Amino acid sequence: MSKRLDETIGAVGFDNLINGQYPPAEVFTVKIRKEATEAKIYKRGTVLALSAGTADDGLRVILGTTAKSNETLTANCVLADDVGTASDAVATAYRTGHFNENSLITDNSHAISETDKEALRSAGILLSDAVAY
């Protein structure tokens with residue numbers, strides 16, 4: 001089998017999620033709570049909130065999810081890859097980085113608030129506005 005020099009073998013797409021190199025995007029493993037009765041796909045760039053309080057289970061949920069009784073949900077990290085949630089799922093997320101706010105995904109009814117931005121900043125995640133091309 002011969003190889004052609006004018007053939008595209010692979011390509012890297014640009015999704016406009018990461019804004020800059022500082023702070024560096026550092027990944028870690030998280031566990032996401034299954035929320036819906038049916039399997040759901042969370043896309044790269046989904047903002048996750050950490051469960052805390054007396055009812056917490058230490059799992060993450062999509063930002064904008066309604067908290068259980070005696071549970072506090074705080075914006076915490078950004079999903080690094082698409083993941084399915086047929087059950088509680090293990091995924092890779094960014095614990096730090098500089099992201100474009102308008103490329104982030106939350107629950108449909110939730111807009112990222114100043115409190116969310118401050119929680120993310122405290123965790124090491126900076127947000128900026130992206131300029132669309």
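Provided above is the structure to which this section pertains.
Now for a look at the structure at hand. In this text the structure is predicted, and so the values were computed from the model without any measurement.

What counts and what doesn't
- Residues numbered from 1 in each chain as written.
- Predicted model: local features only at pLDDT ≥ 70, side-chain atom pairs only at ≥ 80, totals over all residues.
- Heavy atoms only, no water.
- Helix = DSSP H or I, 4+ residues; strand = E, 2+ residues; numbered from the N terminus.
- Buried < 20%, exposed > 50% of the residue type's maximum accessible area, 1.4 Å probe, protein only.
- Contact = heavy atoms within 4.5 Å.
- Areas by Shrake-Rupley, 256 points an atom, 1.4 Å probe, with all protein chains shown as cover.
- Core = buried A, V, L, I, M, F, W, Y, C linked by side-chain atoms within 4.5 Å.
- Pairing = 2+ DSSP bridges.
- Arc of directions from axis to C-beta.
- Salt bridge = Lys/Arg side-chain N within 4 Å of Asp/Glu carboxyl O.

**Focus on the overall build of the protein**
Tallying secondary structure elements over the protein gives one helix and nine strands in all. Scanning the protein from its N terminus toward the C terminus, one meets helices and strands in the order β-β-β-β-β-β-β-β-α-β. Counting across all 133 residues of the protein, residues that qualify as buried make up 35%. Long-range pairs, those at least 24 residues apart, make up 72% of the contacts in the protein with a sequence separation of at least 6. Split by element, the accessible area of the protein, about 8200 Å² in all, is 51% carbon and sulfur.

**Brief notes about the nonpolar core**
V47, L63, A75, V78, Y94, F99 and L104 are the most contacted members of the largest nonpolar core, which has 15 residues in total. Each residue touching L104, except ones within four places of it in the same chain, is listed here: L17, G45, V47, V78, F99, I112 and L127.

**Some remarks on the pairing of strand β4 (residues 47–52)**
Looking along a regular strand, one sees side chains alternate from face to face of the sheet. The pairing of β4 with strand β6 (residues 72–79) spans six bridges and is antiparallel. Pairing of S51 across the sheet is with L73, part of β6. Across three bridges, β4 lies against strand β5 (residues 60–62) in antiparallel orientation. When the bridges of β5 are listed, L48 appears paired with I62.

**Topic: unusual backbone geometry**
A cis amide bond links Y22 with the next residue in sequence, P23, at an omega value of -10°. Mapped onto the elements, P23 comes out in the loop between β1 (18–20) and β2 (26–32). A positive phi angle is found at N70, which is not glycine, with a value near 65°. Within the fold, N70 resides in the loop between β5 and β6. Taking relative accessible area as the criterion, N70 reaches 56% and is therefore assigned exposed.

**Some thoughts on helix α1 (residues 114–123)**
Every buried residue belonging to α1 is among D116, A119 and L120, and all of these are buried. End-on, the buried residues of α1 take up no more than an arc of 95°, which puts them together on one face. Relative to its buried face, α1 has exposed residues pointing more than 90 degrees away, namely E114, T115 and S122. The inward-facing, buried residues of α1 contact β4, β6 and β9 (125–128).

**Observations concerning the environment of K31**
On the secondary structure map, K31 appears in strand β2. Residues K31 and A91 lie 60 residues apart in sequence; the distance between their C-alpha atoms is 6.2 Å. Dropping the residues within four chain positions of it, K31 is found in contact with L59, R60, D88, A89 and V90.

**Topic: the pattern of salt bridges**
All chains considered together, the criterion is met by six salt bridges. For the salt bridge of E71 with R33, the shortest nitrogen-to-oxygen distance reads 2.5 Å. Taken as a pair, E71 in the loop between β5 and β6 and R33 in the loop between β2 and β3 (41–42) lie far apart in primary sequence, 38 residues in all. In this pair, the class of E71 matches that of R33, namely buried. The salt bridge partner of E118 is R121, with a shortest N-O separation of 2.5 Å. You can see E118 and its partner R121 sitting in helix α1, three residues apart, about one turn around the helix. For E118, a relative accessible area of 39% corresponds to the partly exposed category. Owing to a relative accessible area of 46%, R121 belongs among the partly exposed residues under this scheme. Put simply, E101, E114 and K117 are held in one network by salt bridges that share partners.

Honestly, that's just the spatial picture; any functional story needs more than this.
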